[in-house]
Amino acid sequence: MKYDVIVVGGGAAGSTLASRLAEDANTSVLLLEAGNDYPDPAVLPDDVKFGGTRYAEAQDSIHNWALRGTITEEQGEIHVAQGKVIGGGSSINGQAMQRGFPEDFDDWAARGNDEWSYDKVLPFYRKMENDMDIQDDYHGSDGPMPVRRRITGTWADIQKAFYDACLAEGYPAVEDTNGPNPTGVGVSPTNNLGGIRMSAAMTHLNPMRHRLNLTVRGNVYVRRVLFEGNKAVGVEASSGGEIFTVGANRVVLSSGAIRSPQLLMLSGVGPREHLRQFGIPVIHDSPGVGQGLWNHLSVHITYKVKDGKTLTGDLDAPHFGLHYSGGAGYTNDMVLRSSTVVDEREEKVAGVRTRYNTGDVPAERAARISCTLGLPDGSGFVKLQSSDPDVQPEFNYQYLRHPNDAKRIREGIRFGARMLESEAFSDVYDFRINPLDDILNNDDALDRWARETVGTARHVSGTCRMGPDADTMAVTDQYCRVRGVDGLWVVDASVMPRVPRSGGIHPTVIMVGERVADWVAAG
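Attention in this report is confined to the structure presented alongside it. Predicted model only: the values in this text are computed from it and were never measured.

Definitions and limits used
- Residues numbered from 1 in each chain as written.
- Predicted model: local features only at pLDDT ≥ 70, side-chain atom pairs only at ≥ 80, totals over all residues.
- Heavy atoms only, no water.
- Helix = DSSP H or I, 4+ residues; strand = E, 2+ residues; numbered from the N terminus.
- Rg over C-alpha atoms; globule rule 2.2 N^0.38 Å.
- Buried < 20%, exposed > 50% of the residue type's maximum accessible area, 1.4 Å probe, protein only.
- Contact = heavy atoms within 4.5 Å.
- Areas by Shrake-Rupley, 256 points an atom, 1.4 Å probe, with all protein chains shown as cover.
- Lys, Arg positive; Asp, Glu negative; His and termini not counted.
- Charge placed at Lys NZ, Arg CZ, Asp CG, Glu CD.
- Phe/Tyr/Trp six-rings, centres within 6.5 Å; stacked < 30°, edge-to-face > 60°.
- Core = buried A, V, L, I, M, F, W, Y, C linked by side-chain atoms within 4.5 Å.
- Polar contact = N/O pair within 3.5 Å; in protein donor to acceptor, adjacent residues only side chain to side chain.
- Pairing = 2+ DSSP bridges.
- Axes fitted to C-alpha atoms, helices over the stretch in contact; angles between N-to-C directions.
- Parallel < 35°, antiparallel > 145°, perpendicular 65-115°, else oblique.
- Nonpolar A, V, L, I, M, F, W, Y, C, P; charged D, E, K, R; others polar.
- 1 Å grid on protein atoms, 1.4 Å probe; cavity = no way out; pocket = protein on both sides within 12 Å on 5 of 7 lines; lining within 4 Å.
- Points joined across faces, edges and corners; volume = space filled by probe spheres on them.
- Salt bridge = Lys/Arg side-chain N within 4 Å of Asp/Glu carboxyl O.
- Expected span 1.5 Å × (residues − 1).
- Bend = angle between axes of the 7 residues up to and from the residue.
- Disulfide = S-S within 2.5 Å.

What follows covers the overall build of the chain. The number of helices and strands found in the chain is 13 helices and 26 strands. Relative to the globule expectation of 24 Å for 523 residues, the C-alpha radius of gyration of the chain, 22 Å, shows essentially globular dimensions. The buried share of the chain, reckoned over its 523 residues, is 60%. Within the chain, contacts between residues at least 6 apart in sequence are counted, and of these 70% link residues at least 24 apart. Entry remark: accessible area of the chain is about 19600 Å², with carbon and sulfur atoms responsible for 46%. The centroid of the 53 positive side-chain charges in the chain is displaced by 2 Å from the centroid of its 69 negative side-chain charges.

A word on the packing of aromatic side chains. Summed over the entire model, instances satisfying the criterion amount to 16 aromatic pairs. Summarising the aromatic geometry, the rings of Y397 and Y399 are spaced 5.2 Å apart at their centres and angled 25° between planes, so their arrangement reads as stacked. Residue Y397 is classed as buried on the basis of its relative accessible area, which comes to 2%. Judged by relative accessible area, Y399 falls into the buried class, the value being 4%.

What follows concerns the nonpolar core. Membership of the largest hydrophobic core comes to 88 residues, with the highest contact counts inside it found for W116, L264 and L488. The next biggest cluster of nonpolar side chains, apart from the first, holds 51 residues, and it includes I71, F162, V305 and L420.

On to the environment of Y38, then. Considering the arrangement of structural elements, one finds Y38 in the loop between strand 2 (29–32) and helix 2 (46–49). Taking C-alpha positions, Y38 is 9.5 Å from G87, a pair spaced 49 residues apart along the chain. Leaving out residues up to four positions away in the same chain, Y38 has contacts with V43, L44, P45, I62, H63, V85, I86 and R209. At a separation of 3.0 Å, a polar atom in the side chain of Y38 contacts the side chain of N36.

Looking now at the pairing of strand 1 (residues 2–8). Counted residue by residue, strand 1 has six buried out of seven residues, so it is predominantly covered. In this sheet, strand 14 (residues 242–253) lies alongside strand 1 in parallel orientation, the contact comprising six bridges. Within strand 14, the position partnered with K2 by the bridge is G247.

Let us look at the packing of helix 3 (residues 102–110) against helix 4 (residues 118–128). Taken N-terminus to C-terminus, the directions of helix 3 and helix 4 make an angle of 125°; their axes are 9 Å apart at the nearest point. In terms of their interaxial angle, helix 3 and helix 4 are classed as oblique. In contact with P102, F105 and D106 of helix 3, helix 4 contributes Y118, V121 and Y125. Residue composition of the contact of helix 3 with helix 4, grouped by class: five nonpolar, no polar and one charged.

Roughly 240 Å³ of volume is contained in the second largest pocket. Every residue lining the second largest pocket is counted, 14 residues in all, and those nearest its centre are I151, V174, E175, V187 and F320. The set of elements that each furnish at least two residues to the lining of the second largest pocket consists of strand 7 (173–174) and strand 8 (184–187). Ranked by residue count, the leading element in the lining of the second largest pocket is strand 8, at three residues.

Looking now at empty space enclosed by the protein. The rolling of a water-molecule-sized probe over the atoms marks out the regions of remaining empty space. Summed over the entire model, instances satisfying the criterion amount to two cavities of 30 Å³ or more. Size it by volume and the largest cavity reaches roughly 70 Å³. Taken together, Y38, P41, L44, V48, I86, S91, S199, A201, M202 and N206 make up the full set of residues lining the largest cavity. A per-class count over the lining of the largest cavity returns seven nonpolar, three polar and no charged. Lining of the second largest cavity is provided by Q98, R99, G100, F101, P102, Y118, T177, N178 and G179. Residues belonging to the lining of the second largest cavity are distributed by class as follows: three nonpolar, five polar and one charged.

A few words now on unusual backbone geometry. A cis amide bond links N434 to the next residue, P435, at an omega of -5°. Among the secondary structure elements, P435 is positioned in the loop between strand 24 (429–434) and helix 11 (437–440). Despite not being glycine, A66 shows a phi value in the positive range, around 50°. Its location among the elements puts A66 in the loop between helix 2 and strand 3 (67–72). Residue Q95 is not a glycine yet carries a positive backbone phi of 65°. With respect to the element layout, Q95 can be found in the loop between strand 4 (76–80) and helix 3. Judged by its relative accessible area of 2%, Q95 falls in the buried class.

On to the pattern of salt bridges. A full pass over the atoms with the stated rule returns 38 salt bridges. Note that E129 is salt-bridged to R99, the shortest N-O span being 2.7 Å. Of this pair, E129 sits in strand 5 (residues 129–131) while R99 sits in the loop between strand 4 and helix 3, and the two are 30 residues apart along the sequence. Residue E129 shares its accessibility class with R99, and that shared class is buried. Notably, a salt bridge pairs R408 with D333, separated by 2.8 Å at the nearest N-O pair.

Here helix 13 (residues 506–522) contains 17 residues, and its C-alpha end-to-end distance of 26 Å stays within 8% of the 24 Å for a straight helix at 1.5 Å per residue. At V516, helix 13 shows its strongest bend, of approximately 35°. A large share of helix 13 lies buried, amounting to 14 of its 17 residues. One or two steps after helix 13, the chain reaches G523, where phi turns positive at roughly 75°.

Summed over all chains, the structure comprises zero disulfides. Sulfur of C166: no disulfide; nearest cysteine sulfur belongs to C371 and is 12 Å away. We note that C480 lacks a disulfide partner, and the nearest cysteine sulfur, in C464, lies 10 Å from it.

So far we have only geometry, and geometry alone does not tell us how the molecule works.
Next comes the structure, spelled out in structure tokens:
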């Protein structure tokens, strides 16, 4: 059978896009997901269903690709969790619903993508959501994705101290970090309802599964896009040990910012010399495929909490973050957060205890202030390691190589350390565990320590970025059509010209799916 549209990848963007395309009964849509599909929410596995665990992020989870990627030269390769299940990352993530900021999208537009200004993306943020706390011109009330803020519970002592310290530094309290003025300290929205992780598969895809024009297939691994000349005409895939082909008028890659560029290169769209290295026939020379990998990074200050003071609250206790401007001339490019060292989401193994050195301090009495670089200047890459689709690509975040990134992280760590010494923390803070003073007060030592301890997020983006004709590294145009070929789109975080500075990308990925649906439908 030949379909009107094949969507490759049932993650946040793919589930959203497929559901919207299927609203037209005259459009046949095939959604292919490499991981398990769970069409019945009643049999959804607990590690996917409940947001209070990190079981699905474990290296041995069937719901995780468990990739290996390089973070810095000092740390080498690390485990990188990526969702391998219907819903993709939205089925294993931490359920943060922090949008990108207005400045992000006005920057995208200034780069030659005028369809992505804040005024033009806001309606699609509103379309995707049912904000349960705020009803105004910036928030949706009848979309499929629930959004709420945990603010009614008992505050943990470390959260109260952090909140008061931010106010003492002169930052305002922000009730709505998804509104037009996010600068200050506020609570990040979430899509966790009563402990349930509301993935895009649950909110967008499941209500559309009854449509006869929508077919969803799990455990189908797409190996490459098929072309006739420069026209995409289908995909080659494997399932149950069998390799087969499926035809389509349009093909959309929604496999994420690591897998989508890999698929393009395996299919002959990518840097010419790199493809020739692996004997892959070149359909279109696109030097930007796999380049410009953006991801948020965080460095953590750990400290001992005084005995008798609480590190956690109840289920609806707030967790605060401070959005502020660093020293690189950007607005709201930095985020500070306060949290426990032992993650409140239960893990199969106590990996978090070994990830942060707490010395002689019991991990249960240690907390941290995280300094997150929301708008890095340095980027990484994705490259093929083989022409075999079963071999994962090579990728490297190249964190903290750019001097502006190292400078801002250095300043952020010192800012967080200064907050710990403030009056607001006097009843909570016992002593700093890491970094020690001799590291904190020496630029070179602090830079080295940051590279040795920096952590990453699952916010990989930018590897198939959109851009105007004049941008030779742009892989797609602003309508997310792959340049140089026909009938092929990329619709996921890959197309972002720059990662949103807010510190999260989940709702933005869903918004991208909402935004591009009409363009794909129009062909």
